[in-house]
Amino acid sequence: MALSSSPTDPNNATAANAVSKGGEFLSFRLGDEEYGIGILQVQEIRSYEPPTRLAGAPDFIKGVVDLRGIIIPIVDLRLRLHCASAEYNHSTVVIVLNVGQYTVGAVVDAVSDVVELTAEMIRPAPQLSSSVDDQFILGLGSVNDRMLILVDIEGLVGSETLGRMRPTHMRPAAAAAAAFAD
């Protein structure tokens, strides 16, 4: 894995630059691994509720839920990152994120805490093989004996990932009708 900051991808370069400065990160678990995302993108944390499945959506998009009148897609980060799938249980949560013009729910195994990382605590991810998909890894944060994999959540669940889905400022009926329309 290498620190992703390709000059041809301005969004990823911006995210990598923000991570290199440090800040507060929400840590969460997917299996045995601990990940971190910038706290400023987190809107809220909710318990998992089965979403309404949308025909034709990729497997990692579990469906949509109505969040106080706004329809949001629910992305399973285990499936999105090609991890082994897990059972949904009492500790499974949805992190509601503000990603660009979208509001998206990200399913994770559990939320740990908020961690403050200085620039000195963040290292580039080691370069492995070209078969490892590192495009969403911004770096590794080290806190005591913990290692956080810092992810580019905008790249992971942003507009390119959601394909043709429309921004979620629409009310439920309009958003449901426009979700995958041409």
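The numbers attached to residues start from 1 for each chain and follow its sequence in the written order. Confidence filtering applies because this is a predicted model: local features only for residues at pLDDT of at least 70, side-chain atom pairs given and counted only at 80 or more, and all residues used for totals across whole chains, interfaces and linings. Water and hydrogen atoms were dropped before computing side-chain values, which therefore reflect all heavy atoms in the structure.

K.L.:
Describe the sheet that holds strand β10 (residues 137-143), and please don't skip the residues or the numbers.
P.N.:
Strand-to-strand pairing in sheets goes through backbone hydrogen bonds, with the strands running parallel or antiparallel. Taken together, the six strands give an open sheet; going across it, the order is β8-β1-β2-β11-β10-β9, and neighbouring strands pair in mixed fashion. In this open sheet, the two strands that pair with only one neighbour each are β8 (110-118) and β9 (122-123). Strand pairing requires that DSSP identify at least two bridges connecting the strands. Numbering of helices and strands starts at the N terminus; helices are DSSP runs of H or I of at least 4 residues and strands are runs of E of at least 2.

K.L.:
Talk me through the pattern of salt bridges; I want residue IDs and the actual numbers.
P.N.:
Whenever a carboxyl oxygen of Asp or Glu lies within 4 Å of a side-chain nitrogen of Lys or Arg, that contact is scored as a salt bridge. On inspection of all chains with the given rule, the structure shows eight salt bridges. Linking E44 and R46 is a salt bridge whose minimum nitrogen-to-oxygen distance equals 3.6 Å. Taking the shortest distance from any N to any O, the salt bridge between R46 and E49 comes out at 3.4 Å. Since its relative accessible area comes to 27%, R46 is described here as partly exposed. Per-residue accessibility, obtained with a 1.4 Å probe over protein chains only, is compared with the maximum for each type, and a residue is labelled buried under 20%, exposed over 50%, and partly exposed between these values.

K.L.:
Tell me what's going on with unusual backbone geometry, and back it up with residues and numbers.
P.N.:
With a phi close to 50 degrees, R68 is a non-glycine residue in the positive phi region. Mapped onto the fold, R68 is located in the loop between β4 (61-67) and β5 (70-76). Although it is not a glycine, N144 sits at a positive phi angle of roughly 55 degrees. Its place among the elements puts N144 in the loop between β10 and β11 (146-151).

K.L.:
How would you sum up the pairing of strand β2 (residues 33-38)? Please name residues and give values.
P.N.:
Sheet analysis places strand β1 (residues 22-30) next to β2, joined by six bridges and oriented antiparallel. Looking at the pairing, L26 lines up with I37 of β2. Counting the residues between successive antiparallel strands, the hairpin from β1 to β2 contains two residues, one of them, G31, with a positive phi of roughly 65 degrees. Here β2 pairs with β11 via two bridges, running parallel. Bridge assignment links Y35 to a residue of β11, and that residue is I149.

K.L.:
Pulling in residues and values, what's your account of the pairing of β1?
P.N.:
Relative to β8, β1 is paired through seven bridges, and the arrangement is antiparallel. Directly across from E24, in β8, lies its bridge partner E116.

K.L.:
So what's going on with the nonpolar core? Which residues, and what values?
P.N.:
Counting 32 residues, the largest nonpolar core has F28, I37, L77, I95, L97 and V157 as its most contacted members. Working rule for contacts: check all heavy atoms of both residues, and any pair within 4.5 Å makes them a contact. Excluding residues within four positions of it along the chain, F28 makes contact with E33, E34, Y35, G36, I37, L77, I95, V108, A110, V111 and S112. To define a nonpolar core, start from buried Ala, Val, Leu, Ile, Met, Phe, Trp, Tyr and Cys residues and group those joined through side-chain atoms within 4.5 Å.

K.L.:
Describe the sheet that holds strand β7 (residues 102-108), and please don't skip the residues or the numbers.
P.N.:
Spatially, β3-β6-β7-β5-β4 is the arrangement adopted by the five strands of the open sheet, whose pairing is mixed. Each of the sheet's edge strands pairs with one partner strand only, and the pair in question is β3 (42-47) and β4. On average, each strand axis in the sheet is tilted by 30 degrees relative to the strand beside it, whichever way the strands run. Bridging between β3 and strand β6 (residues 93-99) involves five bridges; their strand directions are antiparallel. Each residue of the ladder has a partner; that of S47, found in β6, is V93. Note on definitions: angles span 0 to 180 degrees between N-to-C directions of axes, and those axes are lines fitted to C-alpha atoms, for helices only across the stretch in contact.

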